[in-house]
Amino acid sequence: MPCVCFMSSISLAFYDEVFDELKAHGIEPLVTISHYEMPFALTERCNGWAGREVVDLYVKFCRTIFQR
């Protein structure tokens, strides 16, 4: 199976709502990203961080969340 991006519009919308609710209550969200919580499927399908595709997917993930 090919390496694919696991970000969905549903999950992104969920976190948009969480952040909006936090801000509505005067709480500034602090976003951190971690490369340790890799979906197991990427480890199986793409050889984890040894697979170049995973690095490319992580860059796409980071760009997506930083632009939101």
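Everything below is about the structure printed above this text.
Analysis parameters
Residues numbered from 1 in each chain as written. Predicted model: local features only at pLDDT ≥ 70, side-chain atom pairs only at ≥ 80, totals over all residues. Heavy atoms only, no water. Helix = DSSP H or I, 4+ residues; strand = E, 2+ residues; numbered from the N terminus. Expected span 1.5 Å × (residues − 1). Patch = residues over 30% accessible without salt bridge, like charges linked within 9 Å, V, L, I, M, F, W, Y side chains within 5 Å. Areas by Shrake-Rupley, 256 points an atom, 1.4 Å probe, with all protein chains shown as cover. Salt bridge = Lys/Arg side-chain N within 4 Å of Asp/Glu carboxyl O. 1 Å grid on protein atoms, 1.4 Å probe; cavity = no way out; pocket = protein on both sides within 12 Å on 5 of 7 lines; lining within 4 Å. Points joined across faces, edges and corners; volume = space filled by probe spheres on them. Nonpolar A, V, L, I, M, F, W, Y, C, P; charged D, E, K, R; others polar. Core = buried A, V, L, I, M, F, W, Y, C linked by side-chain atoms within 4.5 Å. Buried < 20%, exposed > 50% of the residue type's maximum accessible area, 1.4 Å probe, protein only. Contact = heavy atoms within 4.5 Å. Arc of directions from axis to C-beta.

## Considerations on helix α1 (residues 9-24)
Turning to step 1, where the next piece is worked out: For α1, which comprises 16 residues, the first-to-last C-alpha distance of 22 Å matches the rise-based estimate of 22 Å (1.5 Å per residue) to within 8%.
Turning to step 2, where the next piece is worked out: Looking one or two residues past α1, Gly 26 carries a phi angle of roughly 75 degrees, positive in sign.

## With respect to a nonpolar patch on the surface
Turning to step 1, where the next piece is worked out: A grouping of Val 31, Ile 33 and Phe 66 is seen on the molecular surface, where their side chains present a nonpolar patch of about 290 Å² in accessible area.
Turning to step 2, where the next piece is worked out: Here Ile 33 shows up in the loop between α1 and α2 (40-46).

## Some remarks on the layout of surface pockets
Turning to step 1, where the next piece is worked out: Approximately 910 Å³ is the volume attributed to the largest pocket.
Turning to step 2, where the next piece is worked out: Lining the largest pocket are 30 residues, and of these Met 7, Leu 12, Ile 33, Phe 61 and Ile 65 sit closest to its centre.
Turning to step 3, where the next piece is worked out: Mapped by element, the contributors of at least two residues to the lining of the largest pocket are α1 and α3 (52-67).
Turning to step 4, where the next piece is worked out: The element contributing the most residues to the lining of the largest pocket is α1, with seven residues.
Turning to step 5, where the next piece is worked out: Looking at side-chain class alone, the lining of the largest pocket contains 20 nonpolar, four polar and six charged residues.

## Some thoughts on the nonpolar core
The nonpolar side chains of a soluble globular protein tend to be buried with one another.
Turning to step 1, where the next piece is worked out: Core analysis: the biggest nonpolar cluster contains five residues, these being Met 38, Leu 42, Cys 46, Val 54 and Leu 57.
Turning to step 2, where the next piece is worked out: Among the elements of the structure, α2 and α3 are those that each provide at least two residues to this core.
Turning to step 3, where the next piece is worked out: Those residues within four positions of Met 38 in sequence are excluded, and the remaining contacts are Thr 43, Gly 48, Trp 49 and Val 54.

## With respect to α3
Turning to step 1, where the next piece is worked out: With 16 residues, α3 should reach 22 Å at 1.5 Å per residue; the first-to-last C-alpha distance of 23 Å fits that figure.
Turning to step 2, where the next piece is worked out: All buried positions along α3 are accounted for by Val 54, Leu 57 and Cys 62. All buried residues of α3 project into a common sector of 140 degrees when viewed along the axis, lining one side. Exposed side of α3, more than 90 degrees from the buried face: Arg 52, Arg 63, Phe 66 and Gln 67 are the residues found there.
Turning to step 3, where the next piece is worked out: Against the buried residues of α3 lie α2.

## Things to note about the environment of Phe 19
Turning to step 1, where the next piece is worked out: Structurally, Phe 19 can be placed in helix α1.
Turning to step 2, where the next piece is worked out: For the pair Phe 19 and Trp 49, spaced 30 residues apart in the sequence, the C-alpha separation amounts to 29 Å.
Turning to step 3, where the next piece is worked out: Not counting the four nearest positions on each side in its chain, Phe 19 is found in contact with Pro 29 and Val 31.

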